[in-house]
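# Chains, contacts and geometry: an overview
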Amino acid sequence: MRSLCTLALTLGWLKLASAAIGSTTFDHIIVGGGAAGLVLAEKLSRNSSVSVIVLEAGFTTDDVVPALFSTFIGNPTIDWEFVTVPQPHVSNNVISLPRGKALGGTAAVNGMYFVRAASKEYDGSLNYTFRKKLHRLTFAQFPAWEKLGNPGWNWKTVDANIKAMEHFTPASPSDAANFHATDSLQNHGTNGPISVTYSNYWEPAPLIPAYFNTSNALGIPTNTHASGGSTFGVWQSPCAIDAKNRSRSYAVNTFLPAAEKRPNLVVMTGAQVTKINLLPEAVSSGNIRAGGVQYIINNATQNVNVTATGNIILTAGTYQTPKLLELSGIGNSTILKKNGITPRVDLPGVGENLQDHYATSVSFQLKDGLGPEVGQLTVNSTFFAEQFQLYLTKREGPFASVPATTLTMIPFQTFINATRLASLKASLDNSLKAFKGSPFEKQIAIQRNFLEDPSVPQIELVMLPLNQDPSVTVDPSKTYMTIAAVYLRPFARGNVHIASTDPLQNPFIDPNYLGITEFETGIMAEAVRFITDKIATTKPLSDLIVKTFNPAPGSSDAALQKFVQSTLQSSWHPCGSASMLPKAQGGVVDPNLKVYGTDNIRVADASMIPLEIGTHTMSTVYANALHAADVI
Ligand SMILES: Cc1cc2nc3c(=O)[nH]c(=O)nc-3n(C[C@H](O)[C@H](O)[C@H](O)COP(=O)(O)OP(=O)(O)OC[C@H]3O[C@@H](n4cnc5c(N)ncnc54)[C@H](O)[C@@H]3O)c2cc1C
């Protein structure tokens, strides 16, 4: 360990990646230097008496210009380029699942929204049970993550940890007044390392006020405290952007600079872990212990060992953490044997309970004269060059912001009429009978109860000032808008499992999109109808719209459902594949994040989230990693 750290200090931790490194020993081996991995590494290495190594398969990226975030998708040097298996309920489509392959992980390349879910999703939720015979409502406390068997994993912890990492800078008074870029200061931290602020490019300027006013006219309130535990309404998302230099703020340029100077921390890039080395004999408790991990660097296989009291902590992300467990002999014995792997720990929950958000969108052409929107960057090279120069010299313009931060979080009651909703729920309840007696019965019941609580949003609308309809040929002289509908809490559960024993082969990923087909397709169709037939036709926004692309306003149920099934995409927030749940409920890790049946293997990334949250996942993953350092 000492010689490796000395080498690290001499070469600098990034150069270390290309160095030839022999076996050595650490107290904590962190697999994956992504969102969770780096935050965890920083906190664990604050204790100078423990040694920590992070093994990251990707390299560093200098993609810190906010508006360029989407350019990484499909670039194999920084995108793992995962895909789903064909999705039977989505026209058999194979759907792209980008993930960051870089130091900083997916947070190095993501959209930077820095948001929390509703507090009830982490812990206490009112359970409204309609007792038909008594014709009255009863209320009971119904906590979510915590109630699922995870003491201490609740809103209070998540919120405190987000505040601890956050350095929040409010928007300018005019941006707050004109574009609703506002939230109560008490909902934010101001002394943490991650800089958080609002976008400051709002073109075309009339669009956002019109969108808010139309939303209000449809009964959707403007939410001025969306980070405080109640997300219902329309609001602007804060983003992980440095308010001074208008660049991406993430673990690599915040948590890491302090930590990298520590002699007890080594961060290695270009090192892909291929297996956890399990010791041949169980320890006295009967559990299996890991002695270290195997990784490939510069095409050579190396090993790194863990001390007698140390941990292997998996933070390789929702798709690759279960893959590593399975490659190492931990998982469903039947699946392991089918792949020729001798099971060491039979743990059927590994790779199951996969949940993800999914979305479809509708694009519109806006009236002439509104001015350029951010989509012009892709079709107008002069505009691109001018604006990039503006960014380089003054840190202003579209490059200094996330292009679309107007979010709307709504329950079904906002956009589906009571009769239709009752019939969709009846269909859902029929489908949910399949979960009776399954390990997921309890979490499905919690999720079902959320539908009766209108303060827990189910659908997110994202308004983007650009075209996203691939069938439209963009005219650079025109202005466009898209409204995406994201389903925040699908009931269907998917899975992710190894495709073979080759550690370099991507796993089979089956999110099972629209798996509760009648209900989930119906909900998405209603969300699209709300966009085309209500939002787009209600003043003042309707005054700005000259054309709705697909689907046509007034489309039939069948046409809307077909549209949903042919256009559905991932919304990129997978979780649950190594859930923190009791083993009997399909769990993989206990509340201390230890993998069942093992002595020293932990999971601390998004895969441990047992029940999907109704928001973007990054800040919760960061917060969980801070909490993980306390419980490991
Ligand atoms: C396109 C996109 C946009 C998004 N936008 C937002 C947003 O705006 N706001 C938000 O809140 N969330 C957003 N997200 C989601 C958010 O980025 C993730 O929830 C978060 O990064 C998950 O963190 P993680 O630590 O679980 O995984 P990751 O951050 O993906 O980290 C996993 C790391 O492990 C490494 N790794 C994997 N396998 C191995 C191996 N075998 N050996 C060594 N290293 C390995 C990977 O290279 C990666 O660095 C977005 C996601 C995507 C894909």
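Refer to the structure presented above.
All values derive from a computational prediction rather than experimental measurement. (Residues numbered from 1 in each chain as written. Predicted model: local features only at pLDDT ≥ 70, side-chain atom pairs only at ≥ 80, totals over all residues. Heavy atoms only, no water.)

### Let's talk about the overall build of the chain
Short version of the rule: In this description a helix means any DSSP run of H or I spanning at least four residues, a strand means any run of E spanning at least two, and both kinds are numbered starting from the N terminus. Here the globule rule reads 2.2 Å times residues to the power 0.38, and the radius of gyration is calculated from C-alpha atoms. Any residue under 20% of the maximum accessible area for its type is buried, any over 50% is exposed, and the rest in between are partly exposed; the area is computed with a 1.4 Å probe on protein chains only.
Summing up its helical and strand segments, the chain has 18 helices and 24 strands in all. Here the C-alpha atoms of the chain give a radius of gyration of 24 Å, agreeing with the 26 Å that 2.2 N^0.38 yields for 632 residues. Expressed as lengths along the three principal axes of its C-alpha atoms, the size of the chain is roughly 70 × 65 × 45 Å. The burial tally for the chain puts 60% of its 632 residues in the buried class.

### Side note on the site of the ligand
Put simply, the rule reads: Proximity is defined per residue: any heavy atom of the residue falling within 4 Å of a molecule or strand makes that residue near it. Side-chain atoms alone can form a polar contact between residues adjacent in sequence; in general such a contact is a pair of N or O atoms within 3.5 Å, and within protein one must be able to donate a hydrogen while the other accepts it. Calculation of accessible area relied on Shrake-Rupley with a 1.4 Å probe; when residues are assessed, cover is drawn exclusively from the protein chains displayed. Under this grouping Gly is polar, as are all residues other than the nonpolar Ala, Val, Leu, Ile, Met, Phe, Trp, Tyr, Cys and Pro and the charged Asp, Glu, Lys and Arg.
Surrounding the ligand, one finds 37 residues, the nearest of these being Glu56, Thr106, Val273, Thr617 and Met618. The separation between a nitrogen atom of the ligand and a polar main-chain atom of Gly111 is 3.0 Å. Calculation on the ligand without its partners gives an accessible area of 1,000 Å², and the protein chains cover 98% of this total. Among the secondary structure elements, those contributing two or more residues to the shell around the ligand are helix 2 (35-44), strand 11 (271-278) and helix 18 (618-631). No other element matches strand 11, which puts 3 residues into the shell around the ligand. Residue classes in the shell around the ligand are distributed as 19 nonpolar, 14 polar and 4 charged.

### Here's the deal with helix 17 (residues 557-567)
At 3.6 residues per turn, the α-helix brings residues three or four places apart onto the same side. The test is simple: What the arc covers is the set of directions going from the helix axis to the C-beta atoms. In this analysis, two residues are considered to be in contact whenever any of their non-hydrogen atoms come within 4.5 Å of each other.
When helix 17 is considered as a whole, its buried residues turn out to be Leu560, Phe563 and Val564. Each buried residue of helix 17 sits inside an arc of 95° when the element is viewed along its axis, so together they form one side. Turned more than 90 degrees away from the buried face of helix 17, the exposed residues are Ala558 and Lys562. Turning to helix 17, the residues buried within the fold contact strand 16 (358-366) and helix 15 (517-534).

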